[in-house]
Structure formats: structure tokens, C-alpha cells
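Below, each chain spelled out in residue letters.
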Amino acid sequence: MQRVFSGIQPTGIPHLGNYLGAIRNWAAMQADHDCVFCLVDMHSLTMPWTPEDLRKQTLGSAACLLATGIEPTRLYNQSAVSAHARLGWIFNCVSRLGWLNRMTQFKDKAGKNRENHSAGLYVYPNLMAADILAFHATRVPVGDDQKQHIELANDIAQKFNHDMGTDFFPQIEAFIPPAAARVMSLRDGTKKMSKSDPSEQSRIVLTDTPDEIALKIRRAKTDSDVLPSEVEGLGDRAEARNLVAIYAAMSDETMSDVLARFGGQGFGPFKSALADLLVEKIGPVATETARLMQNEDHIISVLRTGADRAREISEPIVQEAERLVGFIR
């Protein structure tokens, strides 16, 4: 089986966009891939944080991922496995400044205040490459906004191999699972759903109660027109398209199927049906997450077991990379 690596920052409870875009597919991939799932807490330090929040969010994210069906032995937190940091430093020295200057995510996150951001935010794509290549993973499920980082990881692997006269690191395939969905903000259909949005009404998190889900959907921004009967009728109606896409993804239907059923109706009945569907699908995740969070010691034990497995895989690989660059152990 091909090895898959995928990581998520523990900067808050995963939201519906994380679930439909990645997490739901992670659970399904475990059947036919050798999967490694990581809470990338080291990446979380690239933006403002507090120790208390980082610990709480790491445990909460772990509980939520376990509740979605991630196998306990496949999940760990990045900082518990030193291979990430060690290979990350080697890649800092292999990667070129020109390559990093082309990374659009740094420009987007830093904005006009880039001089005051941490160096970690600038070089974190090198650490992301190390996250993947420390396991010799060959497939990484990503969204469109992360493809550039996979291209950088492959550039780093190729340069390392060339400089060391070896073919040690494999090429990585970036793939978007066929069931992946791009979920937009409930308050602005032109922006991705995000943990960092100041409005909690913009997103549904996987621990929301049925009442919270229903309220957020009821308040979701729409327009005054009825739903069309065909996808083409959504046109530039970003908010309407987003809600229909969410329904389609949650029900495993096409958008055409959804509109065939709700076309010609106002948003009232549709929002009610969407809220019921979300409660049905996400409610069990919230219940199981709450149960797991009652025993933090158990979650920590799961993460330690996962870290032991991650070390067994990554340690021989990173030790060989260290030998190749000339380090004495």
C-alpha cells in the first residue's frame, strides 16, 4: 500500500470545511493506504498562540479526529516525534530563498505586516516537506491552496537527492480525493470557511449542538430568489451555491439531484432540511468528541501510542538522511 501523510493544525475544533474537504476522506482511506495522521502543533507556533490554548486545542482536535473514525494508532502530535524538527532543519539548508519567496500562502497570511511575522511562518513549507518525507510518504491529500507546497517538497527532495548523489527521497503525488468538497463561509460565499474568521456564525464546528447547527444555518446568508432547478441557475449566487454544495456533499448526491428536489422553493424549507441533515451526520461526532474529552489521560495515551508508531517509521529514514549529509551519530 502507498503511504499517505496528512496533517492538520490544532488551532481549534475542526469545522465543516475541514470535515468535507479532508477528514471524512481520511477515515475512508485507511482501508487501502498506509496512513499517518498528524496534529501539526509545531506549525501552530507560526501564528500567535498561548500554551494553554495550544494544549487544549491539541487534545480537542485529537478527540474530534478519533470521533470521525481515525484509527488511534495512526494519530499523533508532531512535536512528540523529533524526526520532524531534525529533517526540517536539513531542508531549511537545502531549500532556496527564491523558492520560498514564491509561496503565496506566506504573502496571504503575512499581508502588509510581513516584517513583523515570525521566521517560522516564512520557512514552514520546508517543515511541511519534512513532515511528509520523514515517512517516505508518496501521496498527500491536499486542497488547491496546498498544491504549491507539494511542488516545493518535490523540489527539495530532488535537490537533496542531486546534492547527495542518491535517489533517497521519493516524489510525492498531491491528490484531491474525488469526494472532497470546498466549503465556503456561511456569512460570505466568496471566502473559505475558516477557524480564524472572527464570526462564529461563519462556520459549523464538529462539536456544535443540534440547536447551534440549526441557528447557524438559519442565519446563513442567502439572497431573495428561490432556488433554481438546475445548477446553471446558481450563476454568481455564491451563498446559494455554497449551501447547495454542502447539502450535496453531506448527502452524497450531486448538486443537480439536490436542485431537482428543492428547485423552485424558497430558502426556508431548504435550510430546515439542510440543518436536519447536518445534525444527523455531525451529531454523533459531537457526542463522541464530548465523551472522549471527559478523559484527557486517555487522549494523551492515544497520542503517545501513535507517536511510538510514527517514530518506528520515521527514525530510520531521518537517521539515513543525517548520515547522507555527513552527521556523526
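Up top is the structure these notes are about.
This one's a predicted model, so the numbers in the text were calculated from it and none came from an experiment. (Residues numbered from 1 in each chain as written. Predicted model: local features only at pLDDT ≥ 70, side-chain atom pairs only at ≥ 80, totals over all residues. Heavy atoms only, no water.)

Trainee: Would you explain the overall build of the protein in this entry?
Mentor: A tally of helices and strands in the protein yields 13 helices and 5 strands. Against the globule reference of 20 Å for 329 residues, the protein gives a C-alpha radius of gyration of 21 Å, in line with a compact fold. Expressed along its principal axes, the backbone C-alpha trace of the protein runs to roughly 70 × 45 × 40 Å. For the protein, the proportion of its 329 residues judged to be buried stands at 48%. Taking all contacts inside the protein whose residues are at least 6 apart in sequence as the whole, residues at least 24 apart take part in 75%. (Helix = DSSP H or I, 4+ residues; strand = E, 2+ residues; numbered from the N terminus. Rg over C-alpha atoms; globule rule 2.2 N^0.38 Å. Buried < 20%, exposed > 50% of the residue type's maximum accessible area, 1.4 Å probe, protein only. Contact = heavy atoms within 4.5 Å.)

Trainee: Would you mind showing me how to read the environment of Gln294 here?
Mentor: Looking at the element boundaries, Gln294 is found in the loop between helix H12 (267–293) and helix H13 (296–325). Sequence spacing of Gln294 and Ala63 is 231 residues, and the spatial spacing of their C-alpha atoms is 9.9 Å.

Trainee: Got a minute to help me understand the nonpolar core in this structure?
Mentor: In a soluble, globular protein the nonpolar side chains are often hidden away together inside. Ranked by internal contacts, the top residues of the largest apolar core, which has 55 residues, are Leu16, Leu75, Met250, Phe270 and Leu278. Counting residues per element, this core draws most heavily on H12, at 9 residues. Apart from the residues within four sequence positions on either side, Met250 is in contact with Leu16, Tyr19, Leu20, Arg24, Leu277, Leu278, Lys281 and Ile282. In terms of nonpolar packing, the next biggest core, distinct from the first, is built from 43 residues, Ala83, Phe168, Val318 and Ala321 among them. (Core = buried A, V, L, I, M, F, W, Y, C linked by side-chain atoms within 4.5 Å.)

Trainee: Would you explain the packing of aromatic side chains in this entry?
Mentor: Per the stated rule, a full pass over the model turns up 10 aromatic pairs. Aromatic pair Phe168 and Phe169: ring centres 4.8 Å apart, planes at 65 degrees, arrangement edge-to-face. A cation over a ring is seen here: Arg139 above Phe175, with NZ or CZ 4.0 Å from the ring centre. (Phe/Tyr/Trp six-rings, centres within 6.5 Å; stacked < 30°, edge-to-face > 60°. Lys NZ or Arg CZ within 6 Å of the ring centre and 35° of its normal.)

Trainee: Honestly, the layout of surface pockets in this entry has me stumped. Any pointers?
Mentor: Empty space among the atoms becomes visible once a probe the size of a water molecule is rolled across them. Quantified by volume, the largest pocket comes out at close to 1800 Å³. As for the largest pocket, its lining consists of 49 residues, of which Asn18, Lys109, Asp145, Gln146 and Lys192 are closest to the centre. Contributing elements (two or more residues each) for the lining of the largest pocket: strand E1 (3–8), helix H1 (16–29), helix H2 (41–44), helix H3 (51–67), helix H6 (104–110), helix H7 (119–133) and strand E4 (139–141). Tallying contributions element by element places H1 first for the lining of the largest pocket, with 5 residues. For the lining of the largest pocket, a count of residues per class yields 22 nonpolar, 18 polar and 9 charged. The calculated volume of the second largest pocket comes to roughly 230 Å³. Lining of the second largest pocket is provided by Thr11, Gly12, Ile13, Gln57, Lys195, Glu200, Gln201, Arg203, Val205, Asp208, Glu212 and Lys216. Among the residues making up the lining of the second largest pocket, the classes are represented as 2 nonpolar, 4 polar and 6 charged. (1 Å grid on protein atoms, 1.4 Å probe; cavity = no way out; pocket = protein on both sides within 12 Å on 5 of 7 lines; lining within 4 Å. Points joined across faces, edges and corners; volume = space filled by probe spheres on them. Nonpolar A, V, L, I, M, F, W, Y, C, P; charged D, E, K, R; others polar.)

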